[in-house]
Amino acid sequence: MARTVTARDGDDRRVADGVYRFGTRRINWYVLEADDGLTLVDAGLPAHWPQLEDWLVVHDYGFEDVAALALTHGDPDHVGFARRLADEGVPVYLHPDDRHHLRNPSDGAPGWFYRNLWRPAFLRYAAELVRDGITSIDPVAEFEPISDGDVLPVPGEPRVLFAPGHTPGSCALYVEDRDVLFCGDVLATRNIFTGRESGPQLLGAADEDHEAARASLDRLAGLGTVTLLPGHGNPMEGDVDAIIDRAR
Ligand SMILES: [Zn+2]
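Cut-offs used in this document
- Residues numbered from 1 in each chain as written.
- Predicted model: local features only at pLDDT ≥ 70, side-chain atom pairs only at ≥ 80, totals over all residues.
- Heavy atoms only, no water.
- Donors = N, O, S within 2.8 Å, 3.2 Å for Na, K, Ca; no water.
- Tetrahedral: all angles 85-135°; square planar, octahedral: opposite > 155°, others 65-115°.
- Helix = DSSP H or I, 4+ residues; strand = E, 2+ residues; numbered from the N terminus.
- Buried < 20%, exposed > 50% of the residue type's maximum accessible area, 1.4 Å probe, protein only.
- Contact = heavy atoms within 4.5 Å.
- Phe/Tyr/Trp six-rings, centres within 6.5 Å; stacked < 30°, edge-to-face > 60°.

Engineer: Please explain the coordination of the zinc ion as it appears in this structure.
Structural biologist: On the protein side, the zinc ion has D77 (OD), H78 (NE2), D185 (OD) and H232 (NE2) as donor atoms, found 2.1 to 2.6 Å from it. Viewed at the metal, the four donor atoms of the zinc ion are separated by angles of 86 to 165 degrees, and the geometry they form is irregular. Taken in chain order, the donor set of the zinc ion reads D-H-x106-D-x46-H. Of this pair, D185 sits in the loop between strand 11 (180–184) and helix 6 (210–216) while H232 sits in the loop between strand 12 (225–230) and strand 13 (236–239); the two residues are 47 residues apart in sequence, bridging distant segments of the chain. The pair formed by D185 and H232 is uniform in burial state, with each residue classed as buried.

See the structure below:
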């Protein structure tokens, strides 16, 4: 049975072996630590940047230790400070089918966003997005394209599992030797519309192509027991096939 993962070993950000969780309770991004440096997985919102600065200092790292930013997809709540890292010379990895998202973060919210603002929990989420800078994200023009099956040449060496649907270029990133699966918005464990931490689930109305997103769950099958690290909601540990079953 899948179970929720909370902080380990007294470090309130550590959620798996060499993996640290940042952001807020509504939006996650992660640091993946390896012997050869740090890989960031997603880049939250602009206002999250000081969390990274503070953490690097406390853990005796400098910005030169940040070797890469791997984006699970190009939605603005995942690319908030990507440009800042790019300007520091950090390579940004993204599936090219999300290049439009990365280059046009100020496109404006889609229709489903406005249609759901009557929901109190979603309104609080939207208010947080605005408060934390979603309307002032700088575009990133250049990126390193990734594709299905790639093992990224970055610390931790995550493998790309292309899983389109939430966005055309959505990917999960699997770190096999640590049983860690960064799933971006392929799966969430928090319902962004109700605010409930209600277990593994698809993003529903927030998916650009919901049927494709549902079909893409197959791409995660057979990985065995993992720590699932979603873009929204608490990390979870369990057999990935059981997690997929619950999401369906
Ligand atoms: Zn998201």
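Engineer: What exactly am I supposed to notice about the environment of G224 here?
Structural biologist: Examined against the element boundaries, G224 turns out to sit in the loop between helix 6 and strand 12. Through-space distance from the C-alpha of G224 to that of D241 is 7.2 Å; in sequence the pair is 17 residues apart. The residues touching G224, leaving out its near neighbours within four places in the chain, are G238, D239 and V240.

Engineer: Just checking my understanding: could you explain the packing of aromatic side chains for this structure?
Structural biologist: Aromatic ring pairs are defined here through the distance separating the ring centres and the angle between the ring planes. For the structure shown, the criterion picks out 15 aromatic pairs. Ring centres of Y20 and W55 lie 4.9 Å apart, and the angle between their planes is 55 degrees; this geometry places the pair in the tilted category. Taken together, the residues Y20 in strand 3 (residues 19–23) and W55 in helix 1 (residues 49–58) connect sequence positions 35 residues apart. Exposure remark for Y20: the relative accessible area of 7% places this residue in the buried category. What makes W55 buried here is its relative accessible area of 4%. Each residue in the set Y20, F22, W29, W49, W55, Y61, F63 and F81 is aromatic and connected to the rest through ring pairs, giving one cluster.

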